[in-house]
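The lines below spell out each chain.
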Amino acid sequence: MAQPVVLIADPLDAAALEGLGADFDVRHCDGSDRGRLLAALPAADALIIRSATRVDREALAAAPRLRIVARAGVGLDNVDLAAAREAGVEVVNAPDSNTTSVAELTVGLILALLRHIPAAGASVRAGEWNRSAFQGEELSGKTVGILGFGRIGRLVARRLAAFDARLLAHDPHVPDGVAEELGVEPVRFDALMRRSDVLTVHLPRTPATTGIIGTAALAMAKPTLRLVNTSRGGIVDESALETALKDKRVAGAALDVFAVEPATHNGLLAYDNVLPTPHIGAGTRDAQYRAGRDAVSAVRRALLPEGGPARP
Ligand SMILES: NC(=O)c1ccc[n+]([C@@H]2O[C@H](COP(=O)([O-])OP(=O)(O)OC[C@H]3O[C@@H](n4cnc5c(N)ncnc54)[C@H](O)[C@@H]3O)[C@@H](O)[C@H]2O)c1
Ligand SMILES: O=C(O)CC[C@@H](O)C(=O)O
């Protein structure tokens, strides 16, 4: 009997895929190449993706055998969940795979913004030794606002506790007491925007969160605000942010995610006080191994009786 076909449409950690070929016909394609994706989907019983492959109605219609889409990561904004439900296709993500990596990058970006670390490094490399140009600020004593207090937001709070910063969070879906237990003050959105010296965004991209950091929100912010977004592009309205940066109503931004990626031509790159990274929040060996491993386990559970033979 032919083995079920597992189509891998984004780069995955090789170690996480070990042994998969014994039970499945494993095929690879570049999911951001739409033509190749649509050509490969008719044979697929399972599809493993990261953030670059768009699984929409058209893709699902091209995949009549498909039983599961496994997302090796967290965000599911690239999957049409309603269309998958209608098609009877299970969608799973790997929610705990990259929490630590994103939280650590977030702390790094906050410190990099406050201390101008990338610009100082670039200046030394350019032959300068200009110590006064890079005078920064301490995180200690600052107020850090956390927008979205789920897995990553909470871990960021735990990590920041060591810096003696005052922590605020806004998340209407978190039960009472959760924030306080972590030493965090739960506040309304407008208080978060008004009081934060640093604002770090950890939301999923949904119709309700798209553009939530826009003109009105930024108008409430302190002109010294440093904004960090390691969640999803589009949650920060990029043209509103650009206007605020131009008018010096925001002091800086670190952005790991953009409305359109790759973001190599994004207008925000023209600002010295913007620190861009190429969507590397989950980009550690540790997180990629866990994300791939969890996606593979989900595929085994879905396609093999009893989850298939135990693998080392
Ligand atoms: N940069 C990266 O590589 C990277 C890696 C992992 C995750 N992410 C992004 O980070 C996001 C968060 O990940 P997570 O694991 O913390 O998810 P999560 O689901 O645990 O947390 C998201 C939180 O946002 C809250 N929320 C939703 N709508 C809100 C609103 N309007 N206002 C305030 N809070 C709201 C939810 O209640 C939830 O607690 C993911 O959805 C993904 O898009 C990015
Ligand atoms: O797939 C990736 O590398 C990005 C992962 C990240 O954005 C996520 O939502 O988990």
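Residues numbered from 1 in each chain as written. Chains lettered and ligands numbered in written order. Predicted model: local features only at pLDDT ≥ 70, side-chain atom pairs only at ≥ 80, totals over all residues. Heavy atoms only, no water.

For the protein, the name recorded in an unreviewed UniProt entry is 2-oxoglutarate reductase, with Streptomyces lavendofoliae as its organism. According to the UniProt record, the Function (unreviewed entry) comment for the protein is "Catalyzes the reversible oxidation of 3-phospho-D-glycerate to 3-phosphonooxypyruvate, the first step of the phosphorylated L-serine biosynthesis pathway. Also catalyzes the reversible oxidation of 2-hydroxyglutarate to 2-oxoglutarate." (UniProt positions renumbered as here; feature names shortened; annotations may be inferred.)

**Student:** Hey, could you run me through the UniProt feature "domain: D-isomer specific 2-hydroxyacid dehydrogenase catalytic" (unreviewed entry) in the protein in this one?
**Tutor:** As annotated by UniProt and renumbered to match this structure, "domain: D-isomer specific 2-hydroxyacid dehydrogenase catalytic" (unreviewed entry) occupies residues 6–303. Its end C-alpha atoms 10 Å apart, residues 6–303 is made of 35% helix and 15% strand. (Helix = DSSP H or I, 4+ residues; strand = E, 2+ residues; numbered from the N terminus.)

**Student:** Sorry if this is basic, but what is going on with the sheet that holds strand S12 (residues 274–276) here?
**Tutor:** Pairing between sheet strands relies on hydrogen bonds along the backbone, with the strands arranged either parallel or antiparallel. Here seven strands make up an open sheet; going across it, the order is S8-S7-S6-S9-S10-S11-S12 and the pairing parallel. Looking at the sheet topology across the chains shown, the edges are occupied by strand S8 (185–186) and S12. Looking at chain direction, strand S6 (residues 143–147) and strand S9 (residues 198–201) are connected through four bridges and run parallel. Paired with Val144 across the strands is Val198, a residue of S9. Across the sheet, helix H5 (residues 99–115) lies against S9, strand S10 (226–229), strand S11 (252–255) and S12, angled at about 155 degrees from S10, the strand it touches most. (Pairing = 2+ DSSP bridges. Contact = heavy atoms within 4.5 Å. Axes fitted to C-alpha atoms, helices over the stretch in contact; angles between N-to-C directions.)

**Student:** What am I meant to see in the site of ligand 2 here?
**Tutor:** In the neighbourhood of ligand 2, the contacting residues comprise Arg50, Ser51, Arg71, Gly73, Val74, Gly75, Asn98, Arg232, His279 and Ala282. Measuring from an oxygen atom of ligand 2, one finds a side-chain N or O atom of Arg71 at 3.1 Å. Gly75 places a main-chain nitrogen or oxygen 2.7 Å from an oxygen atom of ligand 2. Its free accessible area being 290 Å², ligand 2 has 90% of it covered by the protein chains. A class-by-class count of the residues in the shell around ligand 2 yields two nonpolar, five polar and three charged. (Near = heavy atom within 4 Å. Polar contact = N/O pair within 3.5 Å; in protein donor to acceptor, adjacent residues only side chain to side chain. Areas by Shrake-Rupley, 256 points an atom, 1.4 Å probe, with all protein chains shown as cover. Nonpolar A, V, L, I, M, F, W, Y, C, P; charged D, E, K, R; others polar.)

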